[in-house]
Amino acid sequence: MKIGIVASQYEEIERLVEPVEHKQVVEACGRVFYEYQYDGLDVVAVFSHWGKVGAAVTVSILLERFKPDVLISVGTSSAVIPELSVGDVVVGQRLFQHDMDMRPVFRRYEVPLSGVTSYATHEHEQRLAADAVHNLLKQSKELRRELLAYNVSAPKLHLGDMACGDLLIAGAARKAAINRNLPSVVCVDMECAAMAQVCAEFAVPCVFVRVVTDAANEVTDDETATHFKTEFSARYNVALLHSMLDLYR
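From a predicted model like this one, the values you see are computed outputs, not experimental measurements.

(A) Just the overall build of the protein chain, in detail. The number of helices and strands found in the protein chain is 7 helices and 10 strands. Taking 249 residues into account, the globule formula puts the C-alpha radius of gyration at 18 Å, and the protein chain, at 17 Å, falls close to it. Along the longest, intermediate and shortest principal axes, the C-alpha atoms of the protein chain span 55 × 40 × 30 Å. A burial count over the protein chain gives 54% of its 249 residues as buried. For the protein chain, the share of sequence-separated contacts (at least 6 apart) that also reach a separation of at least 24 residues comes to 77%. Taken as a whole, the protein chain presents about 11600 Å² of accessible surface, with 52% of it coming from carbon and sulfur.

Right, here's the structure in full:
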């Protein structure tokens with residue numbers, strides 16, 4: 001089985017592949033793809049690039065050239081509901097583009113020529129990812145100790161809808177717009193639904209796992225929160241990736 005991994009931070013890819021002794025490096029269109037084996041699985045991993053177009057290009061190259069059987073995407077997200085806290089993990093169910101609006105030609109959020117307003121991930125991948133998150137949070141005492149340093153004492157798993165767009169959601173007004181117009185969405189990033197659209201068009205199953213790093217607020221000067229987002233979240237996501245890969249073996 002071949003697993004495609006797309007991470008939203010380059011640091012996640014560095015942490016993932018640095019310990020691997022035997023890997024093949026392939027460069028294409030400014031992207032660096034790493035091919036290697038993980039306990040019998042064929043893996044190809046790449047940094048997504050930021051924004052919908054950049055991420056869509058990355059995933060298109062990955063699926064066309066390397067032909068993985070499934071795509072796993074990890075990264076960070078901003079919570080838009082109060083039930084989510086920093087350190088929680090979201091497994092995406094439906095993926096929306098919150099800045100897609102071609103009314104009156106199409107419905108709001110409908111992707112042109114697709115007939116859909118969102119892309120749903122396969123239930124099998126959702127269940128597997130949820131089990132992997134649960135296993136990690138339950139079994140990794142070292143990770144739980146590290147999370148305590150960031151005031152994360154009881155990280156939770158959530159299954160819910162995600163949204164992305166080429167617009168940073170930061171501040172009460174933008175968050176309220178998401179809540180009003182897409183009430184099922186629990187968190188946002190800048191790439192997920194674009195990547196889900198590419199996977200749907202290639203007919204490749206995909207799953208999206210996001211660590212919550214903030215509450216879509218204005219820029220913070222809290223050093224602990226900033227360190228969690230820019231540095232520790234990469235370590236967190238790599239641990240989640242290994243937990244997921246273990247279940248695909």
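(B) How the structure looks around the pairing of strand E6 (residues 89-97). Taken across its 9 residues, E6 has 7 buried, putting it largely inside the fold. Strand direction decides the pairing type here: E6 and strand E8 (residues 157-164), joined by 7 bridges, are parallel. The partner of Val91 across the bridge, within E8, is Leu159. Taken together, the 3 bridges between E6 and strand E10 (residues 206-214) define a ladder with antiparallel strand orientation. For Val91, the partnering residue across the bridge sits in E10 and is Val209.

(C) Focus on the pattern of salt bridges. In the structure shown here, the tally under the stated rule is 13 salt bridges. A salt bridge links Asp88 to Lys156; its shortest N-O distance comes to 3.4 Å. Here Asp88, found in the loop between strand E5 (70-79) and E6, pairs with Lys156, found in the loop between helix H4 (141-148) and E8; they are 68 residues apart in sequence, far enough to count as distant. Of the residues examined, Asp88 reaches a relative accessible area of 1% and is grouped as buried. Residue Lys156 is classed as partly exposed on the basis of its relative accessible area, which comes to 36%. Here Arg127 makes a salt bridge to Glu123, at a shortest N to O gap of 3.8 Å.

(D) The arrangement of the packing of helix H2 (residues 52-66) against helix H6 (residues 192-202) in detail. Running from N to C, H2 and H6 cross one another at 30 degrees; their axes reach a closest spacing of 8 Å. Looking at the two axes, H2 sits roughly parallel to H6. Relative to H6, H2 is oriented so that their crossing is right-handed. For the pair formed by H2 and H6, the contact residues are Lys52, Ala55, Ala56, Val59, Ser60, Leu63 and Glu64 on the first element and Ala194, Met195, Val198, Cys199 and Phe202 on the second. Its residues assigned to classes, the contact of H2 with H6 shows 9 nonpolar, 1 polar and 2 charged.

(E) How the structure looks around the nonpolar core. Grouped together as the largest cluster of nonpolar side chains are 42 residues, with contacts concentrated most on Ile5, Val209, Tyr236, Leu240 and Met244. It is helix H7 (residues 223-248) that contributes the most residues to this core, 10 residues altogether. Not counting residues within four places of it along the chain, the set of residues in contact with Tyr236 comprises Gly87, Val89, Leu137, Leu143, Leu147, Pro155, Val211 and Phe228. By size, the runner-up hydrophobic cluster in this structure holds 34 residues, among which are Ala28, Ala193, Met195 and Ala196.

(F) Highlighting the side chain of Asn237. Mapped onto the elements, Asn237 comes out in helix H7. Of note is the side chain of Asn237, whose polar atom sits 3.0 Å from the backbone oxygen of Gly75. Apart from the residues within four sequence positions on either side, Asn237 is in contact with Glu12, Val74, Gly75, Thr76, Val209 and Val211.

(G) Just the environment of Pro155, in detail. Positionally, Pro155 belongs in the loop between H4 and E8. On the basis of relative accessible area, Pro155 is assigned to the buried category, the value being 10%. Residues Pro155 and Tyr119 lie 36 residues apart in sequence; the distance between their C-alpha atoms is 27 Å. Those residues within four positions of Pro155 in sequence are excluded, and the remaining contacts are Gly87, Asp88, Leu137, Arg144, Leu147 and Tyr236.

Calculation criteria
- Residues numbered from 1 in each chain as written.
- Predicted model: local features only at pLDDT ≥ 70, side-chain atom pairs only at ≥ 80, totals over all residues.
- Heavy atoms only, no water.
- Helix = DSSP H or I, 4+ residues; strand = E, 2+ residues; numbered from the N terminus.
- Rg over C-alpha atoms; globule rule 2.2 N^0.38 Å.
- Buried < 20%, exposed > 50% of the residue type's maximum accessible area, 1.4 Å probe, protein only.
- Contact = heavy atoms within 4.5 Å.
- Areas by Shrake-Rupley, 256 points an atom, 1.4 Å probe, with all protein chains shown as cover.
- Pairing = 2+ DSSP bridges.
- Salt bridge = Lys/Arg side-chain N within 4 Å of Asp/Glu carboxyl O.
- Axes fitted to C-alpha atoms, helices over the stretch in contact; angles between N-to-C directions.
- Parallel < 35°, antiparallel > 145°, perpendicular 65-115°, else oblique.
- Left-handed = near helix turned anticlockwise from the far one by under 90°.
- Nonpolar A, V, L, I, M, F, W, Y, C, P; charged D, E, K, R; others polar.
- Core = buried A, V, L, I, M, F, W, Y, C linked by side-chain atoms within 4.5 Å.
- Polar contact = N/O pair within 3.5 Å; in protein donor to acceptor, adjacent residues only side chain to side chain.

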